[in-house]
Amino acid sequence: MILVTGATGLNGRELIRQLSARGIALRALVRSVAKAAELSSLPGVGVVIGDMARPETLPAALRDVDRAMLISSSDPAMLEVQSNFIAAAAKAGVKHVVKLSGIMPDLDSPFRFARMHGEIEKRLEASGMAYTHLRAGEFMPAYFRQVPSIVAKGLLFLPMENAKIASIDVGDIAEVAATVLTSSGHEGKIYPLTGPEALSMVQVAEKLSAATGNSIRYVNVPPDDAKKAQLSADVPPYLADALAELFAERRKGKEAQVSPIVQTLLGRRPTSFDEFAAFATPRSFAANNRRREPDPRRTLEQNMKYFLIRYRLKDGLDEQRRREMLSFISALNDEPALSGRISYRCMKTREGPDYYHLAAAADDQTVQDLQSREFFTRYTEQTDLAADGEVEVLPLEIIAETKPLAHA
Ligand SMILES: NC(=O)c1ccc[n+]([C@@H]2O[C@H](COP(=O)([O-])OP(=O)(O)OC[C@H]3O[C@@H](n4cnc5c(N)ncnc54)[C@H](OP(=O)(O)O)[C@@H]3O)[C@@H](O)[C@H]2O)c1
């Protein structure tokens with residue numbers, strides 16, 4: 001039996017979704033019954049209540065568990081709760097623990113969570129159980145939680161100077177974790193996990209502009225000003241101090257290195273920031289209910305022809321559909337015949353459940369090239385399935401050079 005901790009968090013929830021989609025039975029450790037409902041409705045997922053801060057709650061959760069995923073929050077208790085879990089797991093006879101760690105764990109790091117991850121890794125290595133450390137870089141959703149306020153101001157404020165960072169999609173981390181938990185040969189391994197490219201904040205702002213259709217500019221802010229802004233936005237002082245330590249490390253370029261491990265383990269390149277943004281932006285807007293209706297005048301690119309796919313998702317995207325859509329988006333960038341000739345955006349309407357995939361092609365030949373590709377057929381089929389037939393696919397039928405979206 002596999003046990004996943006941090007099950008209600010960003011990575012744990014995604015991992016559980018992916019394992020369940022693969023037909024793998026697992027147990028999810030959650031602290032409160034209230035948060036268990038969504039997880040327990042997934043096929044093969046059993047939910048157990050436990051709190052890693054209260055070791056007496058762990059033996060029941062660990063019964064018959066042979067592999068476990070260890071995740072908890074970045075908070076002052078992280079070292080203690082993860083150490084409690086390691087001790088309880090060793091006692092319960094767990095054979096292999098996979099730990100979600102930071103990209104640069106180090107007992108001497110100036111960044112407090114890097115020190116804690118370093119110490120937890122050491123304790124896990126000394127526990128007698130097999131271990132795998134997944135040393136993840138910055139999670140891409142870090143930017144997207146704030147997309148509405150970034151768009152509202154048109155400015156991305158960060159104390160990053162010109163440093164680059166190789167952030168990673170949480171779906172990729174979960175896929176690596178699922179692979180490690182369900183196959184052999186990963187015992188005693190340390191896997192640094194990043195996206196496919198290191199980006200400066202100027203580049204991140206450009207990509208957010210493209211994904212949202214709004215002009216966004218990066219503004220480097222002095223570290224003290226960033227901290228003051230966080231404190232006035234009610235970020236707890238402990239966390240504001242931790243973030244100041246983290247950004248000081250990032251400014252030194254400590255998270256700029258790109259790791260090949262995702263490609264090696266998954267046999268495909270990691271999700272790019274562009275691909276992630278195409279999905280995450282509409283979701284962020286939907287979650288915050290601040291999305292502006294797409295303005296056709298803003299989305300018309302000069303001398304380009306348009307096609308549009310509109311659909312209504314029934315149950316969200318499952319893994320296969322998400323993959324098909326990602327392969328569609330990455331092909332737009334990667335295929336020599338299409339690269340730079342297609343502009344693509346995914347948007348959600350403010351009112352109602354409709355999503356739009358809007359694309360613009362440089363000329364008719366590009367549209368024909370696209371329509372002849374197998375990945376495009378798969379993409380439209382999957383979009384159709386995801387929407388359970390509620391798709392108004394004007395799939396790559398050219399609407400008009402200037403016809404407003406609202407009439408499409
Ligand atoms: N942010 C980054 O860019 C980044 C990069 C690399 C590594 N990391 C590391 O990733 C980890 C966080 O992962 P995440 O973002 O996926 O998590 P998250 O969204 O912050 O959620 C944390 C999860 O841990 C659970 N949890 C916390 N304390 C617990 C306890 N005492 N007992 C049981 N469950 C507990 C939470 O449960 P509740 O729902 O009950 O609170 C929640 O499910 C941290 O260790 C962080 O240092 C972060």
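Calculation rules
Along every chain, residues carry numbers that run from 1 in the direction the sequence is written. Totals for whole chains, interfaces and linings use all residues, but because this is a predicted model, local features are given only for residues with pLDDT of at least 70 and pairs of side-chain atoms are given and counted only at 80 or more. In this description a helix means any DSSP run of H or I spanning at least four residues, a strand means any run of E spanning at least two, and both kinds are numbered starting from the N terminus. Residue burial here comes from a neighbour count, namely the number of other C-beta atoms, placed from the backbone, that lie within 10 Å of the residue's own C-beta, with 20 or more meaning buried, 12 or fewer meaning exposed, and in between meaning partly exposed. Any two residues are considered in contact once their C-beta atoms, placed from the backbone, lie within 7 Å. Whether two strands pair depends on DSSP finding at least two bridges between them. Note on method: axes are straight lines fitted to C-alpha atoms, helices fitted across the in-contact stretch only, with angles between N-to-C directions ranging 0 to 180 degrees. We count a residue as near a molecule or strand when its backbone-placed C-beta atom lies within 6 Å of that partner. Amino acids outside the nonpolar list (Ala, Val, Leu, Ile, Met, Phe, Trp, Tyr, Cys, Pro) and the charged list (Asp, Glu, Lys, Arg) are all regarded as polar, and Gly is one of them. Here the expected length of a helix is defined as 1.5 Å per residue gap, with one fewer gap than residues. Buried Ala, Val, Leu, Ile, Met, Phe, Trp, Tyr and Cys residues form a nonpolar core when they are connected through C-beta atoms within 7 Å. Domain start and stop positions are those given by an automatic or database domain assignment. We call two directions roughly parallel when the angle between them is under 35 degrees, roughly antiparallel when it is over 145, roughly perpendicular when it lies between 65 and 115, and oblique otherwise. Put simply, a crossing is left-handed when the front helix is turned counterclockwise from the back one by less than a right angle, and right-handed when it is turned clockwise.

I would appreciate a short explanation of the overall build of the protein in the present structure.
Scanning the protein from N- to C-terminus turns up 17 helices and 15 strands. Buried residues in the protein amount to 39% of all 408 residues. Look at the contacts in the protein between residues 6 or more apart in sequence, and 76% of them connect residues 24 or more apart.

Would you mind showing me how to read the sheet that holds strand β1 (residues 2-4) here?
Strand order across the open sheet formed by 7 strands is β3-β2-β1-β4-β5-β6-β9, with parallel pairing between neighbours. Each edge of the open sheet is held by one strand with a lone partner, namely β3 (45-49) and β9 (189-193). For this sheet, the mean inter-axis angle between neighbouring strands, taken without regard to orientation, is 20°. Pairing of strand β6 (residues 130-136) with β9 involves 5 bridges; the strand directions are parallel. Bridge pairing in β9 places L134 opposite Y191. Across the sheet, helix α1 (residues 10-21) lies against β1, β2 (26-30), β3, β4 (67-70) and β5 (96-102), angled at about 150° from β1, the strand it touches most. Relative to the sheet, helix α5 (residues 112-125) contacts β5 and β6, its axis offset from that of β5 by approximately 165°.

Looking at this structure, I do not really get the site of the ligand. What am I missing?
Neighbouring the ligand are 28 residues, the closest being G6, T8, G9, N11 and M52. Going through the elements one at a time, α1, α4 (78-92) and β5 are the ones with two or more residues in the shell around the ligand. No other element matches the 3 residues that α1 contributes to the shell around the ligand. Partitioning the shell around the ligand into residue classes produces 13 nonpolar, 11 polar and 4 charged.

What's the story with α1 in this structure? I'm lost.
The α-helix winds at 3.6 residues per turn, so residues separated by three or four positions along the chain end up facing the same way. Helix length check: α1, at 12 residues, gives a terminal C-alpha distance of 17 Å against a target of 16 Å (1.5 Å per residue), a fit within 8%. Among the 12 residues that make up α1, 9 are buried, leaving the element largely enclosed by the rest of the structure. N11, G12, R13, E14, L15, I16, R17, L19 and S20 are the residues of α1 that are buried. Looking at the residues trailing α1, positive phi occurs at G23, about 80°.

Is there a simple way to explain unusual backbone geometry in this structure?
Backbone phi values are negative for most residues with the exception of glycine, while trans is the configuration of most peptide bonds. A positive phi angle, near 65°, is found at D64, a position not held by glycine. Looking at D64, the number of C-beta atoms within 10 Å reads 10, which means it is exposed. Its identity is not glycine, yet E161 carries a phi of approximately 50°, on the positive side. By secondary structure assignment, the location of E161 is in the loop between β7 (155-158) and β8 (164-165). The exposure class assigned to E161 is partly exposed, which follows from the 16 C-beta atoms found within 10 Å.

For this particular structure, what's the right way to read the nonpolar core?
Across soluble globular proteins, nonpolar side chains show a tendency to be buried alongside one another. Among the nonpolar cores identified, the biggest contains 78 residues, and V4, A28, A177 and L208 are the most heavily contacted of them. Residue contributions to this core peak at 8 residues, all from helix α8 (residues 170-182). Shared between two domains, this core holds at least three residues of each, these being domain 1 (2-136) and domain 2 (139-168 + 194-291). When residues no more than four places from it in sequence are discounted, the contact partners of L208 are Y143, V147, I150, L156, I216 and A277.

Explanation requested: the environment of A226 in the structure shown.
Tracing the backbone through its elements, the reader meets A226 in helix α10 (residues 223-232). Residues A226 and A244 lie 18 residues apart in sequence; the distance between their C-alpha atoms is 8.1 Å. Ignoring any residue separated from it by four or fewer positions in sequence, one finds A226 in contact with P159, V221 and F247.

Just checking my understanding: could you explain the packing of α10 against helix α11 (residues 237-251) for this structure?
Each pair of packed helices gets described by two things: the angle between the helix axes and the distance between those axes. Running from amino to carboxyl end, α10 crosses α11 at an angle of 150°, the nearest separation of the two axes being 10 Å. By the angle between their axes, α10 is roughly antiparallel relative to α11. Between α10 and α11 the crossing geometry is right-handed. On α11, the residues touching P223, A226, K227, Q230 and L231 of α10 are P237, A240, L243, A244, F247 and A248. Its residues placed into classes, the contact of α10 with α11 shows 9 nonpolar, 1 polar and 1 charged.

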